[in-house]
Amino acid sequence: MEYEYLFFLYLYLFKNTGLTDVSMSNKFQVYKQLDLAQINRDVLKRWEEDDTFHKSISTREGHPTFVFYEGPPSANGMPGIHHVMARAIKDTFCRYKTMKGFRVHRKAGWDTHGLPVELAVEKMLGITKDDIGKTISVAEYNAVCRTEVLKYTREWEALTRQMGYWVNMDDPYITYESRYMETVWWLLKQLYEKNLLYKGYSIQPFSPAAGTGLSSHELNQPGCYRDVKDTTAVAQFKVIRNEKSEFLYKNVDTDLYFLAWTTTPWTLPSNTALCVGPKITYVKVRSFNPYTGEPVTLILAKKLLAAHFDPKNESLALEDYSLGDKKIPYLVLAEYAGTELEGVDYEQLINWVKPKGDAFRVITGDFVTTEDGTGIVHIAPTFGADDDRVAKQNGIAPLIIDDLEGKRQPMVDRNGRFFLVENMDPAFVAEYVNLETYPEFAGRFVKNAYDETLAEDDATVDIDICVMLKRENKAFKVEKHIHSYPHCWRTDKPILYYPLDSWFIRTTAVKDKMIALNNTINWKPQSTGTGRFGNWLENLVDWNLSRSRFWGTPLPVWRTEDGLETKCIGSTEELMNEIDQAVAAGIMEKNIYQGFEVGNNSKENYEKIDLHRPFVDDIFLVSSTGKKMFRETDLIDVWFDAGAMPYAQMHFPFEAPSNSPQGGEHAPKYQTARISSYPLLKELAQKQKDNQTEAETYLWNNLRGKKLSNFKFRRQHIIDQFIADFVCLEKQLIIEVDGGYHSLPEVQISDTQRTEILISLGYKVIRFTNEQVLNEIDVVLGEIHRILDSLPLRGRAGDGASGIPFPADFIAEGVDQTRGWFFTLHAIATMIDESVAFKNIISNGLVLDKNGNKMSKRLGNAVDPFAAIDENGSDPLRWYMLTNSQPWDNLKFDMLGVDEVKRKFFGTLYNTYNFFAMYANIDGFMYAEDEIPVAERPEIDRWIISLLNSLVKEVGESYETYEPTRAGRAISDFVSENLSNWFVRLSRKRYWGGSYDADKLSAYQTLYTCLVTIAKLAAPIAPFFADLLYTDLNKITGKEADQSIHLADFPVCNESLINRDLEEKMALAQKASSMILGLRRKEKLKVRQPLARIMVPVLNKDFRQQFDSVKNIILSEVNVKEVEYLTDAAGIISKKIKANFKTLGPKYGKLMKQISGEIAGFSQQDISRLEKTGNYELNINGESILLSPEDVEIQTEDIPGWLVASEGNLTIALDIHLTGDLKLEGIAREFINKIQNIRKESDFEVTDRIVLRIQKHDFYNAAVEKYKDYISNQTLASELIMMDKVEDENSYLAEIDTDVTARIQVVRN
RNA sequence: AGUCUCGUAGCUCAGUUGGUUAGAGCACUACACUGAUAAUGUAGGGGUCCCCAGUUCAACUCUGGGCGGGACUACCA
């Protein structure tokens, strides 16, 4: 036993007796068991005491910012486990960016408006929408909404805290607050002024009986959809023969018609187009009209031919048909693709009212199916949402009537009747209405249910229209049909799809811009961006903003009753002024917001006003012509609230105005021109711009238009009192291009002064000569690029809204937000700023239960996030969720998976730490010694450090590209495979015993570095455990200044420490060891029994060298004494050869089968010829094929007479012959094993010294004698005494070999 | 119905520009190791790579068509 080691051992024992008081603080904390839930609580407490979150922001003051937007959750529902998922993703990247030195902006918020809130309130109060304004006032109702919506705020905050989601909750934005709504109004006004906000109509469910529109939610209430029997018609639309349709008339000897089916014949008079499917095949059929018997030729979908013509009748002769025959013959004449039919004109079916504009044309639509009907859809744009959309896209006019007030109306009025002629504009009637045919139907209800004088079985308008069509040879088939049709939940009467007034945002006007901007966004997964979101943009329609509800942001639009004058209000200031004017004009009695101070942005001030209904409804304004103006009663889509959050969370522009001198908290701080000298300088700058040198022009052309990594450069830009040649303001970098005269001394002095001043203003100045720019532009640009990268971002990139964090660098929400929040953010940012709202986005999948079902309270399969965190801590939950599957795939959440993560990753890491701590405490390692240069550390240390650096690189890249799953899995693999299973296992001996020498120190330093680095890499995903690990380590060593890992810097990969060769070698060692252990197992040879040698065939020089350098590791791992290399010359290696498909395939393609057959048939001579000469010629089908060594794979087959294992191209033979000496050593090791077990059973301390007494036995006497020192050393025995008889008392029987037991006594010294 | 997405071992997931015998972890079974010890290691069994067709010398991989799960968007003639 070395003295040095003894010394430390004594020190350790001494400390343990408590005789010294320096003890505890110098020891690494050792844990009895891993309790991640307790760690969660402890670390959380420390974070709160130390205010770590705020420190993680304040310590990054002045650093470049990383902007994250929190998609506001609604606090009127409890948080679920899926919120843990979403928030784990968000938190991971915000923490990562913090560790990368960014100042991360992440403001929490609450989404508070919308239907779910209204429904919850109604349920709670036991009322319906009908009661609002009757049994409860709107004001009371809204007051309840206000409290209801934040009902679960406390739970949400608790979840945020417990799961370690760091988001700034100091001042969350709340969408119902007046300040937030003011920004929303401001945005709407911007859109209004850009002519992007307009009033139009949309097709919505409408109840003529109740006289009101219905939301789709109201339609989905139980009992609303009912099966009803309606008259349906297949109508014949007559083709107009002209050059567009001429091709259809081939072989046609009758009139030609399109067939279209409808379940609502009353919409036929409003038909203005027919729609065919572009991918559907149509047929042209010669037949007869069943009602009139007239010969007709009809066009319908091929697939539906059998639905309208009995195939049995095809054989019938056309000539034999006479009117009244049940069997109607038919003949298919031709087939057409849907696209061919596009553009063909047809006659109006029912000529009551003429449309204004283009109509009666065949158009195409993807929504057309061949499920039922004829595969041709009758389009009445005023009565169907699809119809309206497809008509607009194709420029087809709807059938619209001008009423007496000059308003545009559909053919059916709001009572559900065909419009009365006397209610129409006479001028319109004169020009467009057919007074011969229409009056018979005018005033008829389109559904009998609307007319109290009619009964169920009275003739309906549908029937009368069909009768008319039959008579006119325009109806092909009329029949009753049962289908499900929606009814109004209040009146029980059928609803109509009906055009209703709505406010729209003209998103179609910016469609191209939105598509272009979307292409710059990094979507995770990409397919959501190009697919779901991209397609949505391609088929964009105008955004219908209107909602007829109560609890939401009111549309800030006032109109005069005649609709001729409109005002859109964009701020409280504007509103106050307008109200004051209205009061002055006598329209309002007083200003209801009196007391509100314009310009005072305090919360208190804004709480004085309420911009919700009903208060805003009571505001009437005065128009420029003195007329009274009423607010449009609509609320806006709550998605607009959410999409407005980049602006509204900052109360933009009211609190961070874009051009204000103070510029808001986040405004760029760069110094610009001095006011006094600006006019002069400006003139000068312009002159310089006009007279640029050749070099300047050349460089400018390489910098302009954000060519260089998207950095914006300006030329001849005035800064303070100077004109900088080129400047990048975001990075405060000035580039000067100098002509020859700069070498003059006086010019140099002034240059120096100028540079000094600019530097003092915070700029970096670099200079190039004209020659450099002209001759070495790549070098120059490379240098600029390098310097740009090294500089922090000062201002904000981009030209969007200034003064606020915009756009976001990163957002993440569920994929269900694609057409919700993601869209509204994108749309608003595009329209307001022509910018993206977010640069990187993760759209995460759903969290399902372990069987793949959606979680719901009803099924009882929902996981309570609080219980889950309480039991496991949030780290394993977070780790599991991010690493089990990629965030954008759905996660099948299974608690067993969480357990696995706990055991496999956290358990292993914890064990590794505990291992380290235990020995470090014994040896008093505190990382106080100088760092041993990596180059001087043993191979295994350099290996794990190499892998560690590779890991740092991979993990860094993964986080950087928003791939948390890859990052987490890489960390976990490293910990369990390489660190624990290989490095620690092989290095155990180095920690145990021996002196505190360089090797031991290296072992400690290396393991310490691995642990602390792993902690940092894992910190973004597992913030609690990582911080504990870090602080436990750092407390003792004081290596790092930061008190929390979340304030520390993310590790940087040191490429020079990565040694691929070494990594390969070690992989070889791992493989070889496992193969040899496999062989031992097969032969039942314990690893304790040393063996003499292994033999390895050498196929090439590199291999021998590689194997040799890890030989010792392998040998000690598998307890073998020597390795012997076998070369060809020995003649005992037999080789086998295979074709390398990867190299040969592309060259010889078709011949591969034969080639591989030939190669497989190579003899040993053939193989060695190829190896020696480096080529081999094959002849296949007369073609000469030249093989090189790369075209084949050569492996050794086996070594006759030896115990052999083969894997890939590595073959190892094991010599299992036991010499006497080996046997003795095996016995000695057996003793060590048994004695160690006895120590353990006796609960001895690791460091207790013992006295050993062993009863003699002929089988092992020699072995014990020979290895006495070795045994003593390993078991910490001060004495080893062989005795004839050891007393039974205090002794143990240990089996040393089959039938050989030893009596051993182990006594503490 | 449309769009997107997923489908590989009992479970959760990898699988590079197509290339030879499709992998890992968990679970299961067996074994080994023994001062990291309520830890660790090694091995084994287990596959119609959802199905069909095509392209190719060669398909888990590419193309087309189905089937099944999920999400979103529509609710229709």
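Owing to the predicted nature of the structure, the values given are computational and were not obtained by experimental measurement.

What follows deals with the overall build of chain A. When its secondary structure is counted, chain A shows 41 helices and 45 strands. Viewed in the frame of its principal axes, chain A has a C-alpha envelope of about 130 × 95 × 80 Å. The proportion of buried residues among the 1309 residues of chain A is 55%. By sequence separation, contacts in chain A at least 24 residues apart represent 76% of the contacts at least 6 residues apart. Counting every atom, chain A has about 58,900 Å² of accessible surface; 48% of that belongs to carbon and sulfur. Side-chain charges in chain A split into 153 positive and 187 negative, and the spacing between the mean points of these groups amounts to 2 Å.

So, on to the pattern of salt bridges. Enumeration according to the criterion identifies 64 salt bridges in this entry. Put simply, Glu632 and Lys199 hold a salt bridge, and the shortest N to O gap is 2.7 Å. Residue Glu632 is located in the loop between strand S24 (628-631) and strand S25 (635-636), and its partner Lys199 is located in strand S4 (residues 197-207); the two are separated by 433 residues in the primary sequence. The closest approach of N and O atoms between Lys447 and Asp230, which form a salt bridge, is 3.8 Å. Residue Lys447 is found in the loop between helix H13 (426-432) and helix H14 (461-471), and its partner Asp230 is found in strand S6 (residues 225-238); the two are separated by 217 residues along the sequence. Comparing Lys447 with Asp230, the two get one shared label, buried. Taken together, the salt bridges that share partners define one network made up of Glu70, Arg87, Lys90 and Glu813.

Quick look at the protein's contact with RNA strand B now. Near RNA strand B there are 59 residues, and of these Trp261, Thr262, Asn884, Arg1081 and Arg1088 occur at the shortest range. At the protein interface, 64% of the atoms of RNA strand B within 4 Å belong to sugar or phosphate. Residue Lys892 places a side-chain N or O atom 3.2 Å away from a phosphate oxygen belonging to RNA strand B. In the surface near RNA strand B, the residues fall into 16 nonpolar, 20 polar and 23 charged.

What links the strands of a sheet is backbone hydrogen bonding, and the strands pair in either a parallel or an antiparallel sense. In space, the four strands of this open sheet follow the order S26-S27-S28-S29, with mixed pairing throughout. Each edge of the open sheet carries a strand with a single partner, namely strand S26 (714-719) and strand S29 (764-769). Averaged over neighbouring strand pairs, the angle between their axes works out to 45° when direction is ignored. Bridge count between S26 and strand S27 (residues 722-728): five bridges; the pairing is antiparallel.

Mapping Arg613 onto the fold places it in the loop between helix H18 (603-606) and strand S23 (621-622). Arg613 sits in the buried class, given a relative accessible area of 14%. One polar contact links Arg613 to Asp617, side chain to side chain, over a distance of 2.8 Å. Excluding anything up to four places from it in sequence, Arg613 contacts Val138, Asn142, Arg549, Phe550, Pro554, Arg631, Thr633 and Leu635.

This paragraph deals with the packing of helix H28 (residues 874-884) against helix H29 (residues 895-923). Where H28 meets H29, the closest approach of the two axes is 9 Å, and the angle between their N-to-C directions is 105°. As the angle between them shows, H28 and H29 are arranged roughly perpendicular. Of the residues in H29, those in contact with Asp875, Pro876, Leu877, Trp879 and Tyr880 of H28 are Met895, Gly897, Val898, Val901, Lys902, Phe905 and Phe906.

On to the sheet that holds S4. The sheet built from four strands is open, its strands ordered S5-S4-S17-S19 with antiparallel pairing. Whereas interior strands pair on both sides, the edge strands pair on one side only; in this sheet they are strand S5 (212-213) and strand S19 (543-544). In terms of strand pairing, S4 meets S5 through two bridges, oriented antiparallel. Directly across from Ser207, in S5, lies its bridge partner Thr212.

Residue Lys524 is joined to Pro525 through a cis peptide bond whose omega torsion reads -5°. Inspection of the secondary structure puts Pro525 in the loop between strand S18 (522-524) and helix H16 (526-538). Looking along the chain, the bond that leaves Phe806 and enters Pro807 is cis, with omega of -10°. Residue position: Pro807 is located in the loop between helix H25 (777-790) and strand S30 (808-814). The phi dihedral of Tyr962 is positive, around 60°, even though this residue is not glycine. Along the chain, Tyr962 turns up in the loop between helix H30 (939-960) and helix H31 (964-991). Of note, Asn1119 is a non-glycine position whose phi angle comes to about 60°, a positive value. As for its placement among the helices and strands, Asn1119 is situated in the loop between helix H35 (1101-1118) and strand S35 (1120-1126).

For the coordinates displayed, the defined rule picks out 66 aromatic pairs. An angle of 85° between the planes, with centres 6.2 Å apart, marks the rings of Trp523 and Phe838 as edge-to-face. Taken together, the residues Trp523 in strand S18 and Phe838 in strand S31 (residues 838-844) connect sequence positions 315 residues apart. For Trp523, a relative accessible area of 4% puts it in the buried group. By way of ring pairs, the aromatic residues Phe28, Phe915, Phe916, Tyr919, Phe925, Tyr927, Tyr991, Tyr996, Tyr1004 and Tyr1008 are connected into one cluster. The ring of Tyr176 has Arg146 lying over it, and the distance from NZ or CZ to the ring centre is 4.8 Å. The ring of Phe620 carries the charged tip of Lys628 above its face, separated from the ring centre by 4.3 Å.

Here we come to the environment of Glu422. With respect to the element layout, Glu422 can be found in the loop between strand S15 (408-409) and H13. Separated by 20 residues in the primary sequence, Glu422 and Ala442 place their C-alpha atoms 9.8 Å from one another.

For the rest of this paragraph, the subject is H31. Turn by turn, an α-helix covers 3.6 residues, leaving residues three or four places apart pointing in a common direction. Taking 1.5 Å of rise per residue, the 28 residues of H31 would be expected to cover 40 Å, yet its terminal C-alpha atoms sit only 35 Å apart, more than 12% below that figure. Of all the bends in H31, the largest measures some 45° and sits at Val984. Following H31 by one or two positions, Gly993 adopts a phi angle in the positive range, close to 70°.

Phe893, Phe916, Ile971, Phe974, Ile1094 and Phe1107 are the most contacted members of the largest nonpolar core, which has 137 residues in total. The greatest single-element share of this core, amounting to 13 residues, is contributed by H29. When neighbours within four sequence positions are excluded, Ile971 is seen to be in contact with Trp879, Phe905, Leu951, Val955, Tyr959, Ile1014, Leu1017 and Ala1018.

Moving on, we get to the packing of helix H5 (residues 115-125) against helix H6 (residues 138-148). One can describe the packing of H5 onto H6 by two numbers: an axis separation of 9 Å at closest approach and a directional angle of 105°. Between H5 and H6, the crossing angle belongs to the class labelled roughly perpendicular. Between H5 and H6, the contacting residues are Val117, Glu118, Ala120, Val121, Glu122, Met124 and Leu125 on the first element and Tyr141, Val144, Cys145 and Glu148 on the second. Grouping the constituent residues of the contact of H5 with H6 by class yields eight nonpolar, no polar and three charged.

With respect to the element layout, Glu565 can be found in the loop between strand S21 (557-560) and strand S22 (566-568). Among the polar contacts made by the side chain of Glu565, one reaches the side chain of Ser624 at a distance of 2.7 Å. The residues touching Glu565, leaving out its near neighbours within four places in the chain, are Trp558, Arg559, Thr560, Ser623, Ser624, Thr625 and Met629.

Turning to its location among the elements, Phe630 is positioned in strand S24. In this structure Phe630 comes out as partly exposed when scored by relative accessible area, which is 29%. Setting aside anything within four residues of it in sequence, one finds Phe630 in contact with Val557, Trp558, Arg559, Glu561 and Phe620.

Helix length check: H30 (22 residues) gives 31 Å between terminal C-alpha atoms against 32 Å at 1.5 Å per residue, within 8%. Among the 22 residues of H30, 16 are classified as buried, and the element is accordingly described as predominantly covered. Looking one or two residues beyond H30, the residue adopting positive phi is Tyr962, at roughly 60°.

Another aspect to go through is the environment of Asn978. Mapping Asn978 onto the fold places it in helix H31. Discounting residues that sit within four places of it in the chain, Asn978 has contacts with Trp943, Ile944, Leu947, Asp973, Phe983 and Gln1070.

Let's shift gears to the confidence of the model for chain A. The pLDDT averaged across chain A works out to 83; a share of 91% of its residues lies at or above 70. No element of chain A has a lower mean pLDDT than helix H1 (residues 3-16), which averages 35, and none a higher one than S23, which averages 95. For the stretch residues 1-24, pLDDT sits under 50, and the model shows 27 contacts to residues farther than four places along the chain or on other chains. Contacts for the low-pLDDT stretch residues 657-673, under 50 throughout, to residues beyond four places or in other chains number 31 contacts.

This next bit is on the pairing of strand S9 (residues 281-288). Within S9, seven of the eight residues are buried, leaving the element largely enclosed by the surrounding structure. Across six bridges, S9 lies against strand S11 (residues 331-337) in antiparallel orientation. Within the sheet, the bridge partner assigned to Arg286 lies in S11 and is Leu331. The pairing of S9 with strand S10 (residues 295-301) spans seven bridges and is classified as antiparallel. By the bridge assignment for S10, Ser287 is matched with Val296. The turn joining S9 and S10, which pair antiparallel and follow one another in sequence, is formed by six residues; a positive phi near 75° is taken by Gly293.

Definitions and cut-offs
- Residues numbered from 1 in each chain as written.
- Chains lettered and ligands numbered in written order.
- Predicted model: local features only at pLDDT ≥ 70, side-chain atom pairs only at ≥ 80, totals over all residues.
- Heavy atoms only, no water.
- Helix = DSSP H or I, 4+ residues; strand = E, 2+ residues; numbered from the N terminus.
- Buried < 20%, exposed > 50% of the residue type's maximum accessible area, 1.4 Å probe, protein only.
- Contact = heavy atoms within 4.5 Å.
- Areas by Shrake-Rupley, 256 points an atom, 1.4 Å probe, with all protein chains shown as cover.
- Lys, Arg positive; Asp, Glu negative; His and termini not counted.
- Charge placed at Lys NZ, Arg CZ, Asp CG, Glu CD.
- Salt bridge = Lys/Arg side-chain N within 4 Å of Asp/Glu carboxyl O.
- Near = heavy atom within 4 Å.
- Polar contact = N/O pair within 3.5 Å; in protein donor to acceptor, adjacent residues only side chain to side chain.
- Nonpolar A, V, L, I, M, F, W, Y, C, P; charged D, E, K, R; others polar.
- Pairing = 2+ DSSP bridges.
- Axes fitted to C-alpha atoms, helices over the stretch in contact; angles between N-to-C directions.
- Parallel < 35°, antiparallel > 145°, perpendicular 65-115°, else oblique.
- Phe/Tyr/Trp six-rings, centres within 6.5 Å; stacked < 30°, edge-to-face > 60°.
- Lys NZ or Arg CZ within 6 Å of the ring centre and 35° of its normal.
- Expected span 1.5 Å × (residues − 1).
- Bend = angle between axes of the 7 residues up to and from the residue.
- Core = buried A, V, L, I, M, F, W, Y, C linked by side-chain atoms within 4.5 Å.
- pLDDT = per-residue confidence, 0-100.

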